[in-house]
Amino acid sequence: MNGLLPVARKVCRRGRALRMLLCLLALPASPFALADAASPGGAVAPIMAQIDAGHFKAADTAIADALAQPGIDADTKTALAFQHERMRRILLDFTLSADEVKARVRESIPDLTDAEFAKWDAAGLFEHQVIDGRTLYFKRSPGNLFRISPQAVARRAVQTPITDGPMESLNAHQRAIYHAALGEHRSSVLPRRVRMTQTLTVDADAVPAGETVRAWIPYPQAIPGQQEDIRYVASVPAKHDIAPASAAQRTVYLEKPAVAGHKTVFSVTYEVTLLAQYHAIDPAKVQAETITPELAPFVAERAPHIVFTDAMRAFSRKVVGNEKNPYRIAQKLFAAVDRIPWAGAREYSTISNISDYALHAGHADCGQQTLLLMTLLRLNGIPARWQSGMVFSDDGTGYSNIHDWGYLYLAPYGWVPMDVTTGRLHPGPGDDKALEWFYLGGLDAYRIAFNADYGRRFVPPKQHFRSDNVDSQRGEAEWRGGNLYFDQTGYDFDWQIHPVSQGRNNN
């Protein structure tokens, strides 16, 4: 990604168009965001392939042999160390035997037969890996079955509904955004003020007593027309360091000593004004955009997760056909990715190419779908970029979740949002049919964006490997002895809706 820096620095000295965004993206990736750095070569690439093929013992031997070579550089040592850590993380995700998967599925389908399980397994409905001769299943595969197989859903003994987020179906909020944007001739409407507290908790005795725990909790991006008037309120501990607005993955940095027998708890409270968006896109007005130096990074490959593989090209040709209109191409690609069933995801740091994984796995979560759509859009010359954070609701259910979405560039409209996971909506008899494509050009106001890009360094940077070297939503922690992975930490969100502030204080 270093090739982007001269363009980005040049734009940082120029006018407003894309200046803030490219200045954000000019920050180099962390040396510990290894799965999102430039594709490694030499000794590392074949070891990655061994791990992806499930040959962990051979990979361990290859790592040891590579580290024993004279003159090995520090970056290669770090990359090799991460591949060792990646194997450990994969084994934390793939923990179930076939019998354990069957037992869990039988909690919902008591009369599941071995033959029926074998048929579904052969169809790829239970994600698994063969690791050194052992078949290990993803720990979420029993529950994911009912996300990806209508046949399995129909076989459940008790037909309880499968719940989605409140924005998955067309609702009054989306209708209000649509009508307000059209009525006011504005793309940003219906501001709401939110006070949010995010908590990061490190397990008791995960760190020796008296040792300093370092924590990074996500913090909102300042985005005109989307997130404004950001105000820090409080933190635990009180001493804190908010990353600059230029940080593409923005956080609040905190330190606290561990106490024996007690969890180490960090929290950040802030207020932010959120605005909904809707861009009324007329396909007849959309035209192919000249790719300027400012837009060039957003149509480029970015290994390892945005790569124009032969399989990606073939899928794109099948979906796009002879279509030339950029918006119609985006619609076709959006619809194709939306058809991939959502399912719970393995950790991103364990996946060597996320867009390729989403193309072939038979299911994908929000970040995987977003990276796949970004790759397909860029392959077709349509600029696309990442955004992620969290989503919530004020419907009384206490719903919150971490979430990923993105933006695409359509001339003459500029950057417009897209959320392929929330996907196409289903307008009722009295609705405008345009609402079907609400999330291809619109966003609700029940989300907070922490990240303007994926795989970027924290400010201040982590000293050890990131738990998630692609996204930043749950918070991260470490101590001088190493990273504290997700099996040692927890997170939570708590929020209230307040009257909209009249001030402007983008911190």
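Here is what the cut-offs are and how they apply
Residues numbered from 1 in each chain as written. Predicted model: local features only at pLDDT ≥ 70, side-chain atom pairs only at ≥ 80, totals over all residues. Heavy atoms only, no water. Helix = DSSP H or I, 4+ residues; strand = E, 2+ residues; numbered from the N terminus. Contact = heavy atoms within 4.5 Å. Axes fitted to C-alpha atoms, helices over the stretch in contact; angles between N-to-C directions. Parallel < 35°, antiparallel > 145°, perpendicular 65-115°, else oblique. Left-handed = near helix turned anticlockwise from the far one by under 90°. Nonpolar A, V, L, I, M, F, W, Y, C, P; charged D, E, K, R; others polar. Polar contact = N/O pair within 3.5 Å; in protein donor to acceptor, adjacent residues only side chain to side chain. Pairing = 2+ DSSP bridges. Phe/Tyr/Trp six-rings, centres within 6.5 Å; stacked < 30°, edge-to-face > 60°. Buried < 20%, exposed > 50% of the residue type's maximum accessible area, 1.4 Å probe, protein only. Expected span 1.5 Å × (residues − 1). Arc of directions from axis to C-beta. Salt bridge = Lys/Arg side-chain N within 4 Å of Asp/Glu carboxyl O. Core = buried A, V, L, I, M, F, W, Y, C linked by side-chain atoms within 4.5 Å.

Peer 1: I would appreciate a short explanation of the overall build of the protein chain in the present structure.
Peer 2: Each helix and strand in the protein chain was counted, giving 14 helices and 17 strands. Residue pairs at least 24 apart in sequence account for 73% of intrachain contacts in the protein chain once pairs closer than 6 positions are excluded.

Peer 1: Hey, could you run me through the packing of helix α11 (residues 310-320) against helix α12 (residues 326-338) in this one?
Peer 2: A pair of packed helices can be characterised by two numbers: the angle between their axes and the separation between those axes. With their axes 9 Å apart at the nearest point, α11 and α12 run at an angle of 115 degrees to one another. By the criterion of interaxial angle, the relationship of α11 to α12 is roughly perpendicular. In the packing of α11 onto α12, the handedness of the crossing is right-handed. Each of F315, V319 and V320 in α11 lies in contact with α12, whose residues at this interface are I329, K332, L333 and A336. Residue composition of the contact of α11 with α12, grouped by class: six nonpolar, no polar and one charged.

Peer 1: Looking at this structure, how should I read the environment of Q159?
Peer 2: Inspection of the secondary structure assignment puts Q159 in the loop between α9 (150-154) and α10 (172-184). Expressed as a C-alpha distance, the spacing of Q159 and G381, which sit 222 residues apart in the sequence, is 45 Å. Apart from the residues within four sequence positions on either side, Q159 is in contact with V153 and A154. A polar side-chain atom of Q159 sits 2.7 Å from the main-chain carbonyl oxygen of V153. A polar side-chain atom of Q159 sits 3.1 Å from the main-chain carbonyl oxygen of R156.

Peer 1: In this structure, what is going on with the sheet that holds strand β14 (residues 447-451)? I would like to understand it.
Peer 2: Pairing between the strands of a sheet is mediated by backbone hydrogen bonds and can be parallel or antiparallel. In spatial order, the strands read β12-β11-β10-β14; together these four strands make up an open sheet with antiparallel pairing. Looking at strand neighbours, the two that pair on one side only are β12 (414-418) and β14, the edges of this open sheet. In this sheet, adjacent strand axes meet at a mean angle of 35 degrees when their direction is disregarded. Relative to β12, strand β11 (residues 400-410) runs antiparallel, the two being bridged by five bridges. When the bridges of β12 are listed, Y407 appears paired with P417. Each of β10 (384-392), β11 and β12 touches helix α14 (residues 366-379); the most contacted strand, β10, lies at about 160 degrees to it.

Peer 1: When you look at the packing of aromatic side chains in this model, what are you seeing that I'm missing?
Peer 2: To describe a pair of aromatic rings, you give the distance between the ring centres and the angle between the ring planes. What the rule picks out here adds up to 18 aromatic pairs. Pairing F298 with W415 gives two aromatic rings, centres 5.3 Å apart and planes at 85 degrees, and the pair type is edge-to-face. Pair noted here: F298 is in the loop between β9 (264-278) and α11 and W415 is in strand β12, with a separation of 117 residues, a long-range link. Neither F298 nor W415 differs from the other in exposure class; each is buried. Centroid distance W386 to Y454: 5.7 Å. Interplanar angle 65 degrees. Geometry classified as edge-to-face.

Peer 1: Could you clarify how one ought to interpret the pairing of strand β5 (residues 212-218) in this entry?
Peer 2: In regular strands, side chains alternate between the two faces of the sheet. Taking burial as the measure, the seven residues of β5 include six buried ones, the bulk of the element. In this sheet, strand β15 (residues 476-479) lies alongside β5 in antiparallel orientation, the contact comprising three bridges. Opposite A215, over in β15, you have A477 as the bridge partner.

Peer 1: Please explain helix α4 (residues 56-67) as it appears in this structure.
Peer 2: Residues spaced three or four apart along an α-helix point in a common direction, a consequence of the helix completing one turn every 3.6 residues. For α4, built from 12 residues, the straight-helix expectation of 16 Å at 1.5 Å per residue is met to within 8% by its first-to-last C-alpha distance of 16 Å. Within the span of α4, buried status applies to F56, A59, I63 and A66. One face of α4 carries all of its buried residues, which in axial projection span an arc of 80 degrees. Buried residues along α4 sit in contact with α3 (44-52), α5 (74-93) and β2 (128-131).

Peer 1: Sorry if this is basic, but what is going on with the pattern of salt bridges here?
Peer 2: Think of it this way: side chains of opposite charge can pair up when their charged atoms draw near. Evaluation of the coordinates by the stated rule reveals 29 salt bridges. Of the charged contacts, one joins E184 and R186 as a salt bridge, the two residues approaching to 3.8 Å between their closest N and O atoms. The class for R186 is partly exposed, based on a relative accessible area of 47%. Of the charged contacts, one joins E476 and R466 as a salt bridge, the two residues approaching to 3.5 Å between their closest N and O atoms. Of the two residues, E476 sits in strand β15 while R466 sits in the loop between β14 and β15, which places them 10 residues apart along the sequence.

Peer 1: Would you explain the environment of L371 in this entry?
Peer 2: Along the chain, the position of L371 falls in helix α14. By relative accessible area, L371 is classed as buried at 0%. Residues L371 and N353, spaced 18 residues apart in sequence, show a C-alpha to C-alpha distance of 9.7 Å. With sequence-adjacent residues up to four places away left out, L371 is seen in contact with H305, I306, I354, S355, W386 and Y454.

Peer 1: Looking at this structure, I do not really get unusual backbone geometry. What am I missing?
Peer 2: Glycine aside, a negative phi is what most residues show, and trans is what most peptide bonds show. Cis peptide bonds are those with omega within 30 degrees of zero, and the linkage from A303 to P304 qualifies with 10 degrees. Mapping P304 onto the fold places it in the loop between β9 and α11. For the peptide bond that leads from V459 to P460, omega is -5 degrees, which places it in the cis range. Looking at the secondary structure, you find P460 in the loop between β14 and β15.

Peer 1: Would you mind going over the nonpolar core with me for this structure?
Peer 2: Ranked by size, the top nonpolar core spans 97 residues in total, and within it L377, F392, L408, M418 and I448 carry the most contacts. Looking at this core element by element, the count peaks at eight residues for α12. Excluding residues that lie within four positions of it along the chain, L377 makes contacts with A330, L333, I382, A384, L408 and M418. With 17 residues, the next largest nonpolar core counts A59, I72, L80 and F94 among its residues.

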